[in-house]
Protein chains: 2
Amino acid sequence: MTQLSPYAKKHKVTVVGSGNWGSSISKMVAENVAANPDVFEPIVEMWVYEENVEVPKTSKHYDPSSPLCNGPQNLTELINHYHENVKYLPDITLPNNLHANPSLQESVKDSSILIFNLPHQFIQGICQQLKGHILPYARGISCIKGVHVTDEGVSLFSETIGRELGIYCGALSGANIASEIAKGLYAETTIAYDPPHMDSKAPTPKSGSPSASAVNIPTIVHFEHKDSSGNFSKVKLQPLPAEYPVVDHAFMKLLFHRPYFHVRVIHDVAGVSLGGALKNVVALAAGFVDGKAWGDNAKAAIMRVGLLEMVKFGTMFFGASVNSQTFTEESCGVADLITSCNGGRNHRCAKLSVERGIPVEEVEKQELNGQMLQGTLAAKEVNSFLKKKGLEDEFPLFTAVYRILLGEVTVEDIPSLIER
Amino acid sequence: MTQLSPYAKKHKVTVVGSGNWGSSISKMVAENVAANPDVFEPIVEMWVYEENVEVPKTSKHYDPSSPLCNGPQNLTELINHYHENVKYLPDITLPNNLHANPSLQESVKDSSILIFNLPHQFIQGICQQLKGHILPYARGISCIKGVHVTDEGVSLFSETIGRELGIYCGALSGANIASEIAKGLYAETTIAYDPPHMDSKAPTPKSGSPSASAVNIPTIVHFEHKDSSGNFSKVKLQPLPAEYPVVDHAFMKLLFHRPYFHVRVIHDVAGVSLGGALKNVVALAAGFVDGKAWGDNAKAAIMRVGLLEMVKFGTMFFGASVNSQTFTEESCGVADLITSCNGGRNHRCAKLSVERGIPVEEVEKQELNGQMLQGTLAAKEVNSFLKKKGLEDEFPLFTAVYRILLGEVTVEDIPSLIER
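Source: prediction; values computed, not measured. (Residues numbered from 1 in each chain as written. Chains lettered and ligands numbered in written order. Predicted model: local features only at pLDDT ≥ 70, side-chain atom pairs only at ≥ 80, totals over all residues. Heavy atoms only, no water.)

**Regarding the relation of the copies chain B and chain A**
Screw-axis analysis of chain B against chain A gives a translation of 0.0 Å along the axis, an RMSD of 0.0 Å, and a rotation angle of 180°. Viewed as a symmetry operation, the transformation between the two copies matches a two-fold axis. Identified as the residue of chain B closest to the rotation axis by C-alpha distance is B:Thr328, at 2.8 Å. The share of interface residues of chain B whose copies in chain A are also at the interface is 100%, consistent with both copies meeting through the same surface. (Least-squares fit on C-alpha atoms with pLDDT ≥ 70 in both. Contact = heavy atoms within 4.5 Å.)

Spelled out as structure tokens, the structure:
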């Protein structure tokens, strides 16, 4: 331990994923890491799925005399040379202390903080490859939006990661359109971080270093989680060694908060995750109503009814672990709902389906280049889950959206279907 | 008492006011009155401030051979002849059982239900003229948006009406753009109705008529209200005679709810009223941010922060009588905020002021034909009240809006001013 830092060890941070949102988060995290050398190792690793990429001719970096601009190059090399993700976050300069790494296992070596930011379909595979290669006491934050809903229950991506890797993993979600944030435009987000007591009990002030923790608690905590079906899963958690700065809510703010990216840290991981999934169903409903040109009253009404169904879904299936205020007062709830109903893809495609008089599925084919809307998938999964529980009528707007997608009812039926 | 109705008396309904929103409310109320002849007297009176009006040449009623279309006519005569408020709600057919009445005092004669829907600056004068002419046990509902804020405290228009007339008066407010509702486009609203126990204790089932009340309770209740300065005002309330159908939440729904106008009835009168005032301050902030083209994240963030300041204002100054969910879950709160930030005048003028680089005051002059924005007035009143209490810093967004209006800070300062 040097005189300069009160901690024997510093946190090394790795971001797993480097798409548009992954690169944006990496940029902010690397800025904060650079600004807090007492707490963090200087270099942030960003795992990049290696691909061959050509520097676009429109890029400011394009220089026909440069070997890097002659034919396809490794994306990691381009990122590390130009400090720009020319493919997924063009025209945004990344900090010098952000290092693109094509090796998943090397990228997480010695990292005590793992930030997951990749498409949800890759979570399982990535976790399999990471097993045995991460620090056993690492802490995770999942920036992956949404939840996984089956007939049996609702599982959170953060918990899948935590269970697969045997670590505690929180969640980050908010009204966060990546391209706006990357430009430094003002935004907010919500982080949910609620590990078992292990972490919060650990720190005991050290003389001369009030915030450092002196006692390494050797206990291994079995973190029990009850999912929406009432099943418990147990994760063996290792406490963070006391040589590290404590990982708590203040730490999360230090790592993610920027002057233009305001962070609120709460405890409700399920609420944060549910918001990011269910808002897409509401955005479809808002799009339907906008397609009818029913005006601002109707749209606001649909959003409000949807917000209350989000609250009800959370409190009904996750009980006391979900706080209704997560939906009604946090960025991951009401604010993310507002952005999704104002301009997201789900809203746009639902609106077009009404305007063109064709099913949303058709609009998907016409507009999305083979990609699928998250809202239609969520609407189907949520309906299947509710149907199995016999609770479709308790969620009339979610059910109406599903039935409109099926063609069983029309948008004109929404007011009577949700009338109470 | 006839065999046809279980009640000896039916409610006669009067709407005081006939502008765009007053005429829209009158239309819906008259529709419900006609559909419930057991509960209501058939004719709804609408008091109209008499003026001379010409049938516009663009009106479908315009007929040069008709004496009513030759020069200015009394507005009430035109309304009663054409069943249309050709001046304030053109092209919308009003029900036949809605009667426009130019005499304030005659319009309220024998009415047990008084609905107030007029510009707030006329409340005092109208109440003065009504004194002694209304039924002493009448019940009121104020559809007047907002509250009256002075350095000394916040008073509700519904309470001003109640105190002046010695009656109980509830409030109606929501995401309610009148022109959309008049067309029958789907909308929601919130009614707050919370009279002292008097009313709810009164009904005792009569044999053969379970919902009728048999016992006329002679008690006169002194209804005490504690305003935001801690002052109590006392209103001598007379119980509704038991011959009338009970006026409770179900009654309010019967009177206002339509298939296209969904009503939720709650108890929180202060919350309902505050929402309609404070959202205009937030709409200015959202307009400023949109003027900068900061994108959807920033706008949603500003709306969320504003919503939380609305909650805080309500709970700080009205204590337990305000429910935070009124703001975060009801039409009068989050939904009205959404409509106001999407398209209202306050939002539009604030946006234009940034785009044109001129003060909001200038935009008001250029755009509003001498009318004043409610948001700028509310921002000033709220700031003056907060300043007197030394609480400006507790409401950083409200304070930022006020200081931007003054030119003391700029829109660029908002993120740092509201950073927590």
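**A word on the packing of aromatic side chains**
Residue and element names in this part refer to chain A. On inspection of all chains with the given rule, the structure shows 23 aromatic pairs over all chains. Among the aromatic residues, ring-to-ring pairing joins Phe313, Phe317, Phe385, Phe395 and Phe398 into one connected group. Positioned above the aromatic ring of phenylalanine 395, the side-chain terminus of lysine 312 is 5.5 Å from the ring centre. (Phe/Tyr/Trp six-rings, centres within 6.5 Å; stacked < 30°, edge-to-face > 60°. Lys NZ or Arg CZ within 6 Å of the ring centre and 35° of its normal.)

**Some thoughts on the interface of chain B and chain A**
With 42 residues of chain B at the interface, the matching set in chain A holds 42 residues. Summed over both sides, the interface between chain B and chain A buries roughly 3600 Å², with carbon and sulfur atoms accounting for 56% of that surface. The largest per-residue losses of area from chain B upon contact with chain A belong to B:Tyr186, B:Asn297 and B:Arg304, which jointly make up 22% of the total buried on that side. Counting the contacts that link chain B with chain A gives three salt bridges. (Buried area = accessible area lost by both parts, 1.4 Å probe. Salt bridge = Lys/Arg side-chain N within 4 Å of Asp/Glu carboxyl O.)

**Concerning unusual backbone geometry**
Residue and element names in this part refer to chain B. Within the chain, histidine 83 stands out as a residue other than glycine whose phi angle is a positive 50°. Following the sequence through the fold, histidine 83 ends up in the loop between helix 2 (75-82) and strand 5 (98-101). When its relative accessible area of 21% is taken as the criterion, histidine 83 is described as partly exposed. Of note, asparagine 369 is a non-glycine position whose phi angle comes to about 55°, a positive value. As for its position among the elements, asparagine 369 is in the loop between helix 14 (360-367) and helix 15 (374-389). For asparagine 369, a relative accessible area of 78% translates into the label exposed. (Helix = DSSP H or I, 4+ residues; strand = E, 2+ residues; numbered from the N terminus. Buried < 20%, exposed > 50% of the residue type's maximum accessible area, 1.4 Å probe, protein only.)

**Things to note about the sheet that holds strand 6 (residues 113-116) of chain A**
All names here are of chain A. Ordered by their spatial adjacency, eight strands build an open sheet running 5-2-1-6-7-10-11-16, and the pairing between neighbours is mixed. Every interior strand has two partners, whereas the edge strands, strand 5 (98-101) and strand 16 (261-266), have only one. Taken over all neighbouring pairs, the strand axes of this sheet differ in orientation by 25° on average, direction set aside. (Pairing = 2+ DSSP bridges. Axes fitted to C-alpha atoms, helices over the stretch in contact; angles between N-to-C directions.)

**Focus on the layout of surface pockets**
Residues and elements named next belong to chain B. Roughly 1500 Å³ of volume is contained in the second largest pocket. Lining the second largest pocket are 44 residues; nearest its centre among them are Asn20, Trp21, Pro119, Arg345 and Gln374. Of all the secondary-structure elements, those providing two or more residues to the lining of the second largest pocket are helix 1 (20-35), helix 4 (123-130), helix 6 (178-182), helix 9 (269-291), helix 12 (331-343), helix 13 (345-356) and helix 15. Sorting elements by how many residues they give to the lining of the second largest pocket places helix 9 first, with four residues. Considering only residue class, the lining of the second largest pocket consists of 18 nonpolar, 21 polar and five charged. (1 Å grid on protein atoms, 1.4 Å probe; cavity = no way out; pocket = protein on both sides within 12 Å on 5 of 7 lines; lining within 4 Å. Points joined across faces, edges and corners; volume = space filled by probe spheres on them. Nonpolar A, V, L, I, M, F, W, Y, C, P; charged D, E, K, R; others polar.)

**Observations regarding the sheet that holds strand 2 (residues 44-47) of chain B**
All names here are of chain B. Here we have eight strands laid out as an open sheet, ordered 5-2-1-6-7-10-11-16, and mixed in their pairing. Of all strands in the sheet, those bounded by a partner on one side alone are strand 5 and strand 16 (261-266). Ignoring which end each strand starts from, the neighbouring axes of this sheet average 25° apart. In this sheet, strand 7 (residues 139-142) lies alongside strand 6 (residues 113-116) in parallel orientation, the contact comprising four bridges. Residue pairing for strand 7: isoleucine 115 is matched across the bridge by isoleucine 141. Together, strand 10 (168-173), strand 11 (187-192) and strand 16 form the strand contacts of helix 9, whose direction differs from that of strand 10 by roughly 45°. Docked against the sheet, helix 12 engages strand 10 and strand 11, running at close to 145° with respect to strand 11.

**Things to note about the side chain of A:His11**
All names here are of chain A. In this fold, histidine 11 is placed in the segment before strand 1 (13-16). For histidine 11, a relative accessible area of 0% corresponds to the buried category. There is a polar contact of 2.7 Å between the side chain of histidine 11 and the backbone oxygen of proline 245. Apart from the residues lying within four places of it in its own chain, the contact partners of histidine 11 are Val39, Phe40, Glu41, Ser112, Ile113, Leu240, Tyr244, Pro245, Val247 and Phe251. (Polar contact = N/O pair within 3.5 Å; in protein donor to acceptor, adjacent residues only side chain to side chain.)

**What about the domain arrangement of chain A?**
All names here are of chain A. Domain annotation for chain A reports domain 1 (13-267) and domain 2 (274-417). Here domain 1 and domain 2 have C-alpha centroids that lie 29 Å from each other. If you look at the interface, domain 1 gives 20 residues, while domain 2 gives 22 residues. Roughly 1800 Å² is buried in total at the junction of domain 1 and domain 2, and carbon and sulfur atoms are behind 58% of that figure. Applying the counting rule to domain 1 against domain 2 returns three salt bridges. The partner of glutamate 152 in a salt bridge is lysine 388, with the nearest N and O atoms 3.1 Å apart. Our count for the contact surface shared by domain 1 and domain 2 stands at eight residue pairs in polar contact (both at pLDDT 80 or more). Where the side of domain 1 that touches domain 2 is concerned, the elements lending two or more residues are strand 8 (147-149), strand 9 (154-156), strand 11 (187-192) and strand 16. Looking at the side of domain 1 that touches domain 2, its residues break down into six nonpolar, nine polar and five charged. (Domains from an automatic or database assignment.)

**Considerations on the UniProt feature "domain: Glycerol-3-phosphate dehydrogenase NAD-dependent N-terminal" (unreviewed entry) in chain A**
According to UniProt, the positions carrying the feature "domain: Glycerol-3-phosphate dehydrogenase NAD-dependent N-terminal" (unreviewed entry) are residues 12-196 of chain A. Span residues 12-196 of chain A is 27% helix and 23% strand, its end C-alpha atoms 22 Å apart. (UniProt positions renumbered as here; feature names shortened; annotations may be inferred.)

**Quick notes on the environment of A:Ile161**
All names here are of chain A. As for its placement among the helices and strands, isoleucine 161 is situated in helix 5 (residues 157-165). As a C-alpha pair, isoleucine 161 and isoleucine 123 span 38 residues in sequence and 7.1 Å in three-dimensional space. Beyond its immediate sequence surroundings of up to four residues, isoleucine 161 is in contact with Phe116, Ile123, Cys127, Ser142, Ile144, Gly166 and Cys169.

**Looking at helix 14 of chain B**
Residues and elements named next belong to chain B. Within helix 14, the full set of buried residues consists of Val360, Val363 and Glu364. Angularly, the buried residues of helix 14 cover 105° about the axis, an arc narrow enough to put them on a single face. Tucked inside the fold, the buried residues of helix 14 contact helix 9, helix 13, helix 15 and helix 16 (396-406). At the exit of helix 14 stands asparagine 369, carrying a positive phi of roughly 55°. (Arc of directions from axis to C-beta.)

**As for the pattern of salt bridges**
Per the stated rule, a full pass over the model turns up 37 salt bridges over all chains. Among the ionic pairs, B:Glu330 bridges to B:Arg264, the shortest N-O distance being 2.8 Å. Of this pair, B:Glu330 sits in the loop between helix 11 (324-329) and helix 12 while B:Arg264 sits in strand 16, and the two are 66 residues apart along the sequence. Take B:Glu330: its relative accessible area is 7%, and that puts it in the buried class. Residue classification places B:Arg264 among the partly exposed residues on the basis of a relative accessible area of 33%. A single salt-bridge network, built from bridges that share partners, covers A:Glu188, A:Arg264, A:Glu330 and B:Arg304.

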